[in-house]
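These are the residues of each chain, in order.
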Amino acid sequence: MIKNAPKEYFLHTFARSNKERMHLEFEKPIIELESKLSDMKELAQQSEVDVSDAITKLENKILKLKKDTFENLTRWQRVQLSRHPERPYTLDYIYEMSDEFVELHGDRTVKDDKAMVGGFAEIDGMPVMIIGQQKGRNTKQRQERNFGMANPEGYRKALRLMKLAEKFNRPIITLIDTPGAFPGLEAEERGQGEAIARNLKEMMMLKVPVISVIIGEGASGGALGIAIADKVLMMENTWYSVISPESCSSILWRSWDYKEQAAEALKLTAKDMLENKLIDGIIKEPLGGAHTDMQASSAELKKELVKHLKALNKQSAEKRIDNRIEKFSSMGAYQ
């Protein structure tokens, strides 16, 4: 873990320790039982009555309910978890996983897009380039980060860093968490589509290993613009799709009220993506979601990254490029 991390990172630690943590609708039965458990423990401390057996039974009941709840989430509920405001973002994972991180700025054409962050880092002694979308924790940060929606300069900045990594023979890791590329008029005028398309082409031919991980939302070209990789992984409670459930609902039904049906139809969860051979693996999260234990979630992500990096480093650049092209060319193909 990096010392002297910015305040934006430590805000997450504060949020996780706060008893007023936000809870989703489907978590309410669990919260009610946890509240009863807390009252029971308090009663045991204040009186001489032995309620240890009752406490153990209630703890086991809560654990069983948690497992049943989170193992059987609907697709829409997983979308909700992926957007949890206390969920770790790109910088959280970077500062938790790496020993050194030097952030690099600017696309050398327009400006520095703060929705896209990246720089050199070390993971388990291996020098890498890490790039990802960054959302904000409060209103001011969200405005500064544009809610994780990058402009064309963000994608050009990402490509500049990738080319820099290739020059110094450093593997590339991309962490994806975006509701989509920014759809504003100025973004279109500056070539949003062209910037993403160029990234797709250039990433396909990178000579260094590339690993992409969806850590939250993976929406449309905004996600795909930094997701052409040798290995594409998804955290357990994330989604990856051409369109968000709300947008799909508004197009098909002219209303956001059918977002749950849209989520089911889109088949956008990590399990769906793996079954359709669109990703290469799923990274387990702590019971209840990544936001319940950021350290454990980061450790699992780091373990998977190190494992895949070691395997990819053994392959030649030509072999990796051929496999990468074959991997994406075969998606959606049929006979």
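Residues numbered from 1 in each chain as written. Predicted model: local features only at pLDDT ≥ 70, side-chain atom pairs only at ≥ 80, totals over all residues. Heavy atoms only, no water.

1. A closer look at helix α15 (residues 317–329)
- For α15, built from 13 residues, the straight-helix expectation of 18 Å at 1.5 Å per residue is met to within 8% by its first-to-last C-alpha distance of 18 Å.
- Looking only at α15, the buried set comprises Ala317, Arg320, Ile321, Arg324, Lys327 and Phe328. Seen along its axis, α15 keeps its buried residues to an arc of 130 degrees; they face one direction. Turned more than 90 degrees away from the buried face of α15, the exposed residues are Glu318, Asp322 and Glu326. (Helix = DSSP H or I, 4+ residues; strand = E, 2+ residues; numbered from the N terminus. Expected span 1.5 Å × (residues − 1). Buried < 20%, exposed > 50% of the residue type's maximum accessible area, 1.4 Å probe, protein only. Arc of directions from axis to C-beta.)

2. Thoughts on the pattern of salt bridges
- One pass over the structure, following the stated rule, counts 26 salt bridges.
- For the salt bridge of arginine 198 with glutamate 194, the shortest nitrogen-to-oxygen distance reads 2.9 Å. Of this pair, arginine 198 and glutamate 194 both sit in helix α9 (residues 192–204), 4 residues apart, roughly one helical turn.
- Residue arginine 198 is classed as partly exposed on the basis of its relative accessible area of 43%.
- Look at glutamate 194 and you get partly exposed, because its relative accessible area is 37%.
- When salt bridges that share partners are traced, they join Arg83, Lys135, Asp177, Glu217 and Glu246 into one network. (Salt bridge = Lys/Arg side-chain N within 4 Å of Asp/Glu carboxyl O.)

3. A closer look at the pairing of strand β6 (residues 231–235)
- With 4 of its 5 residues buried, β6 lies for the most part within the structure.
- Bridge count between strand β5 (residues 210–219) and β6: 4 bridges; the pairing is parallel. By the bridge assignment for β6, valine 213 is matched with leucine 233.
- Pairing between β6 and strand β8 (residues 281–283): 3 bridges, direction parallel. Across the sheet, methionine 234 pairs through a bridge with isoleucine 282, a residue of β8. (Pairing = 2+ DSSP bridges.)

4. A few points about a nonpolar patch on the surface
- A grouping of Ile251, Leu252, Trp253 and Tyr258 is seen on the molecular surface, where their side chains present a nonpolar patch of about 410 Å² in accessible area.
- If you trace the backbone, tyrosine 258 turns up in the loop between α11 (245–253) and α12 (259–266). (Patch = residues over 30% accessible without salt bridge, like charges linked within 9 Å, V, L, I, M, F, W, Y side chains within 5 Å. Areas by Shrake-Rupley, 256 points an atom, 1.4 Å probe, with all protein chains shown as cover.)

5. Section: the nonpolar core
- Counting 34 residues, the largest nonpolar core has Ile131, Tyr155, Met162, Ile172 and Tyr240 as its most contacted members.
- Elements supplying a minimum of two residues to this core: β3 (126–133), α7 (152–167), β4 (172–178), α9, β5, β6 and α13 (270–275).
- Per-element accounting of this core gives the leading share, 5 residues, to α7.
- Leaving out residues up to four positions away in the same chain, isoleucine 172 has contacts with Met129, Ile131, Met162, Ala165, Leu206, Val208, Pro209, Val210 and Ile211.
- Met97, Ile123, Ile215 and Ala290 belong to the second largest nonpolar core, which has 26 residues in total. (Core = buried A, V, L, I, M, F, W, Y, C linked by side-chain atoms within 4.5 Å. Contact = heavy atoms within 4.5 Å.)

6. Overview of unusual backbone geometry
- A positive phi is found at serine 220, a non-glycine position, where the angle reads about 55 degrees.
- One can find serine 220 in helix α10 (residues 220–224).
- Judged by its relative accessible area of 36%, serine 220 is partly exposed.
- Even without being a glycine, lysine 277 presents a positive backbone phi close to 60 degrees.
- Secondary-structure assignment places lysine 277 in the loop between α13 and β8.

7. Digging into α11
- Burial in α11 covers these residues: Pro245, Glu246, Cys248 and Ser249. Mapping the buried residues of α11 onto a view down its axis gives an arc of 160 degrees, with all of them on the same face.
- Just beyond α11, the residue with positive phi is arginine 254, at close to 60 degrees.

8. Topic: the environment of alanine 121
- For alanine 121, the location among the structural elements is in strand β2 (residues 116–123).
- Each C-alpha atom, one on alanine 121 and one on serine 98, is 6.2 Å from the other, the two residues being 23 residues apart in sequence.
- Contact partners of alanine 121, with chain neighbours within four places excluded, come to Ser98, Glu100, Phe101, Met126, Pro127, Val128 and Ile130.

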